[in-house]
Amino acid sequence: MGRMKGITLLWVLFSSWTIQTQAQMRISPETVQQWANAFGKQILALSNRYSGAQLLQKKYKDVEPIIKMVEVDGLKMVKEFAEEMENMLGRKMKSVKRLAEIAEDADFYHEYNATLQFDYYNSMMINEVNEDGNNVELGGEFPLEENEHFNKLPVNTQQSVIQVPTNVYNKDPDILNGVFMSEALNDVFISNFEKDPTLTWQYFGSSSGFFRLYPGIKWTPDENGVVTFDGRNRNWYIQAATSPKDIIIAVDISGSMKGLRLTIAKHTINTILDTLGENDFVNVIAFSDYVRYVEPCFKGTLVQADLDNREHFKLLVEELQVKGEGKVKKAMKESFKILNEAAAEGRGSLCNQAIMLITDGAMEDFQKVFEEFNWPDRKVRVFSYLIGRELTFADNVKWIACNNKGYYTHISTLADVQENVMEYLHVLSRPMVINHDHDIIWTEAYMDSVLFNTLAESLLLMTSVAMPVFSKKEETLSHGILLGVVGTDVPLKELMRLAPRYKLGVHGYAFLNTNNGYILSHPDLRPLYKDGKKLRPKPNYNSVDLSEVEWEDTEYVLRTAMVRGESGTISLDVRATVEKGKRVVFLKNEYFYTTINETPFSLGIVLTNGHGKNVFIGNVSIEEGLHDLTASDVTIANEWTYCETDIDPHHRKLTQFQAVVRYLLGKEPDLECDERLLQQTLFDAVITAPMEAYWTALLLNTSGIDAGVETAFLGTRSGLMRMTRYVGVEKRVAKKFLTPSDKENIFTLDHFPVWYRRAAENPAGSFLYYVPTEDNTQVDGGVVIAITSVTVTVNKKTAVAGAIGVQMSLEMLEKRLWSVATQANDTDCSGVDGLCPLSCTDNADINCYVIDSNGFIIISKDRTDVGRFLGEIDGSVMSQLLKMGMFKRVLLYDYQGMCKANTHSASGARPLLSPFYNLLAALRWILSNFLLFLLDFNIYGLWHSDHFVEAKTLFHSSGKKSKGGNLQPCDTEYPSFVYEPSIKETNSLIKCGRCQKVFVINQIPDSNLLLVVIQADCDCSRQYAPITMEPKEVKYNASVKCDRMRSQKIRRRPESCHAYHPQENAKDCGGAVAITLSIMLFLACLSVSTLIRR
């Protein structure tokens, strides 16, 4: 027993001694400072030697007396850019006008022939052969050749093709007559392309369903072999065919609407929603015994029909369930009330107004409702959709539409939905057609992932210009027959080339937005997200508001001015980010903006105050410049436009470098080149030429290259780059660095290299070090970049001429740090207050880190720490640094985030009441579908089974969940951390329960780095959680969320509106589809239906 007490006493004494030792540990600040200074001298010498930065700075300093410094006039520049864009877009509009004129003339002289036989090039059939090796019907040999202008797709620039959706019979008389008539467009397509070689796809979407596309391509169906593309569903068609509209969708959810009827009704709602755009307004109400809003937050109002709201409605519609008795009159009253109040208060589109009534029957007397709210002016059209096979109430439902200038359709199957919904567009287009108002429309930004299945095309943002095509025949004038819509696409990256990067400076950029305030093009627009290994468009990619990207514009001053089409300028202090949001840069930006005439778009440019607004001009002879430009180590930005290679087909295979050289040599005098950019490029080539000799001399030096130094490189404001590889590719750690695929580190259409952008905000002569990241998760821990800026100063005005640096292996820097940060065992430790001898490698109870000015680890004993934020590794030390003010936290916001969706979601499915109910439901479904098949069955349907394919496709796709369905758009906030350089060094003690942690931090001179030495044997993880940079979703309570959804920012309405014409033939209001059936079959259907419903 006594022996045990003795052991216990020894243990207590040992523990007490251990705690005292930990509490008394000291890390000598003087020693850490010596290490920091020594390491700083070594890496500065390495960086200077192998980059040649001092030589390049001297070369630019030498020419300061002969160069001219000019301050950029931002407002003048933005107006010049806008004028060029206006001219470019004007050429597209002229092309579309020519197509519309020829199409209308061709129809005017065409006589309809119901028995017409005509073979055409069907895009699905071309170059297809049957089992005998013969061309299939509507196919034939159709030459296709890869074309640079069309992203190397195989095309035929001498012929257009016809695409017909799977649910439309490709030899229907209407199709054949329309195709035959529109053959006249072929010559115009070719002529347009010759007049404007920058044109891309030209097309005619017919109201009968076919789509004529130039140049001709081979159409690829989806994985089910189905062509779902229908030009009439596309935004360019819908916007051109109709004026802006306010729509109330009123759907019957009474008990009689259960089963297949409700499924058809939901699909009808979704199809109507798909016909709306950002210039339209909408709400959806459901009615039975009472009226309820599908989204209670939208009660009594109209909301903009942008992509966000449309998708929101679709989700809510899926949750609808049937009950009660349908009271159509109540729904009509509520719908009229919403529309009338909107018109009176100046809300909504202030143009067309319509109610979409979706029901399986109406028994009430509606006349008084219409007399009170809509007659005699009938400003609100009512479109009625009778759902299901029963025609008992068809006359009532049709009466509603016909007496309110609408249109009645009968929808009995899912396959009927698409064609019947489209009818309302043709009715709304009547006033415009009768008046022959050819309004040109421009769409919002979109990706045509339906039309093109190649990544290059489908993920390309574009806008379309389109114009309606009318029948000019006198006999059909009052009917207002819309023949279709012609249009052409404009890739937005081609439009943005007219605002060249080099004119805007390292942090400058240009952007476009629409009359609704949505982004058309912006370098910070991120329309795609990663779903596994695939890139997919975000659900709301084309309804991102300007205020969500330029979020420092908290008062919407910039947004309001641009939406209103004004010209002007404002200044904003912004927190910009580099390296995909990892690092924050504080800038003072000046925004200059103006409108682009004849379009709904506004253009803005951003120039950074200081160096971003200064440009220097120097002259050299072409001979001298060309000599240095053609050196082996020189490249220029291939995505920039030094010379226009897309006008002449012979120039399309030239790289920008080849085009510049041929132009300067006089071999291609017809090339259109940017003389100012060429002047800057030649000047930079001459000034930077000595670097080639400098780097070569180092390579030839007998002392050799320090192991680990891999690449020296520079870039200038003109997009010129020089580079020398000190070691072969097989020995390089960074094999991808500065290759054409390394988009972050080369000049692109959207941005300067990331090292250039970072260097620009660092003092010239002081090197900035960082570990490059491939993306937000993968870190190449084996590479370090050292970079510094090169500037010129004239009359106290400074401009950034370029950036120069060296890429080294991390292993080399690690060895140099460990050799410095170690005290020998025989070190004289007398008089040293702290651990002695001190060593980063030999002392297990200390951890040493080199971090950068944003807190990211550059060097650590544990290689897996490299590239990570120090706060993740040691939250206690970062917390203390924040508390002491050595680092500060900067909050950033991302309004284009994607967050995990809530796993709980309401279901629109009927609850499973009992096994008997399930069996009865299954039986009913089988019998119903069998009887519907019998009703649909006829010789035409047997011969042409295409009609059944669409229903099958739609039914299956409606229940299919997207693979990316676990992510949804959200707002997030995340921190960035910035070192406060006024605090050069510090040390501190952190109390962590039974131990105390000591650390010392010291700035490494002439760099953005800090050396941190931390006591390792005191665990503070219980008291201090890791500090991460992970984004957090911004949660809004129900009230705030509703306010945000209802709020409508300032927008500019389209100038034209065509809602009424006195000559309109409102008697053409639709009718039931003729169905031939036997009385016995009908009675059988009725009996079975009644039996199952009981």
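Conventions and cut-offs
- Residues numbered from 1 in each chain as written.
- Predicted model: local features only at pLDDT ≥ 70, side-chain atom pairs only at ≥ 80, totals over all residues.
- Heavy atoms only, no water.
- Helix = DSSP H or I, 4+ residues; strand = E, 2+ residues; numbered from the N terminus.
- Buried < 20%, exposed > 50% of the residue type's maximum accessible area, 1.4 Å probe, protein only.
- Areas by Shrake-Rupley, 256 points an atom, 1.4 Å probe, with all protein chains shown as cover.
- Pairing = 2+ DSSP bridges.
- Axes fitted to C-alpha atoms, helices over the stretch in contact; angles between N-to-C directions.
- Contact = heavy atoms within 4.5 Å.
- Polar contact = N/O pair within 3.5 Å; in protein donor to acceptor, adjacent residues only side chain to side chain.
- Arc of directions from axis to C-beta.
- Salt bridge = Lys/Arg side-chain N within 4 Å of Asp/Glu carboxyl O.

Asker: Looking at this model, I keep getting lost on the overall build of the protein chain. Mind explaining?
Answerer: Helices and strands together make up the secondary structure of the protein chain, namely 31 helices and 41 strands. Expressed as a percentage of the 1094 residues in the protein chain, the buried residues total 54%. As displayed, the protein chain offers around 48600 Å² of accessible surface, 52% of which is attributable to carbon and sulfur atoms.

Asker: Looking at this structure, I do not really get the sheet that holds strand β39 (residues 995-1003). What am I missing?
Answerer: What links the strands of a sheet is backbone hydrogen bonding, and the strands pair in either a parallel or an antiparallel sense. Taking strand neighbours across the sheet as the criterion, the five strands line up as β35-β34-β40-β39-β38 in an open arrangement whose pairing is antiparallel. What marks the edges here is a single partner per strand, and that holds for β35 (857-860) and β38 (985-992). Along the sheet, successive strands turn relative to each other by an average axial angle of 20°, direction set aside. Here strand β34 (residues 846-852) pairs with β35 via three bridges, running antiparallel. Counted as the bridge partner of Y849 is S860 from β35. Lying over the sheet, helix α2 (residues 29-51) contacts β34, β35, β38, β39 and β40 (1009-1015), oriented at roughly 35° with respect to β39. Here helix α24 (residues 810-820) sits on the sheet and contacts β34, β35 and β40; the angle it forms with β35, its principal contact strand, is near 60°.

Asker: Would you mind showing me how to read the pairing of strand β5 (residues 202-206) here?
Answerer: Within a regular strand, side chains alternate between the sheet's two faces. Buried residues dominate β5, accounting for five of its five residues. On β5, burial covers both faces: Q202, F204 and S206 on one face and Y203 and G205 on the other are all buried. One ladder, built from four bridges, connects β5 with strand β6 (residues 211-214); its direction is antiparallel. In the strand pairing of β6, Y203 is matched with L213. With antiparallel pairing between neighbouring strands as the criterion, β5 and β6 make up a hairpin whose turn holds four residues, including G209 at a positive phi of roughly 125°. As judged from the five bridges shared by β5 and strand β17 (residues 482-491), these two strands associate in the antiparallel manner. For G205, the partnering residue across the bridge sits in β17 and is V485.

Asker: I tried to follow the sheet that holds strand β41 (residues 1032-1033) on my own but got confused; where do I start?
Answerer: Read across the sheet, three strands follow the order β36-β37-β41 without closing on themselves; strand pairing throughout is antiparallel. Single-partner strands in this sheet number two, and they are β36 (887-900) and β41. Pairing geometry for strand β37 (residues 967-979) and β41, over two bridges, is antiparallel. Among the inter-strand pairings, E973 is bridged to a residue of β41, identified as K1032. With respect to the sheet, helix α26 (residues 875-884) is in contact with β36 and β37, its orientation differing from that of β36 by roughly 120°.

Asker: Where do I start with the side chain of Q202 in this structure?
Answerer: Tracing the backbone shows Q202 in strand β5. A polar contact of 3.0 Å, which involves the side chain of Q202, links it to the side chain of N192. Q202 has contacts with L99, V188, F189, N192, F193, R212, L213, Y214, G487 and T488, leaving out every residue within four places of it along the chain.

Asker: Sorry, what's going on with helix α12 (residues 394-402) here?
Answerer: An α-helix turns once every 3.6 residues. As a result, residues three or four positions apart point the same way. Where α12 is concerned, the buried positions are A394, V397, I400 and A401. The arc that holds the buried residues of α12, viewed along the axis, is 130°, so those residues lie on one side. If you follow the buried residues of α12, they end up packed against β11 (352-359), α11 (367-373), β12 (380-387) and β13 (408-411).

Asker: Just checking my understanding: could you explain helix α9 (residues 307-317) for this structure?
Answerer: Looking at α9, one finds that the buried residues are L307, N309, R310, F313, K314, L316 and V317. Where α9 is buried, its residues meet α8 (260-274), β8 (281-287) and β10 (303-304).

Asker: How should the pattern of salt bridges be read in this particular structure?
Answerer: In this structure the tally under the stated criterion is 44 salt bridges. As a salt-bridge pair, E390 and R261 come within 3.3 Å of each other at their nearest N and O atoms. Residue E390 is located in the loop between β12 and α12, and its partner R261 is located in helix α8; the two are separated by 129 residues in the primary sequence. Looking at E390, the relative accessible area reads 23%, which means it is partly exposed. The salt bridge partner of D874 is K997, with a shortest N-O separation of 2.8 Å. Placement of D874 in the loop between α25 (870-873) and α26 and of K997 in strand β39 is noted, with a sequence separation of 123 residues between them. Per residue, the accessibility class of D874 equals that of K997, and both read buried. Bridged by salt links that share partners, the residues E71, E590, K613 and K797 form one connected network.

In short, geometric facts, not functional conclusions.
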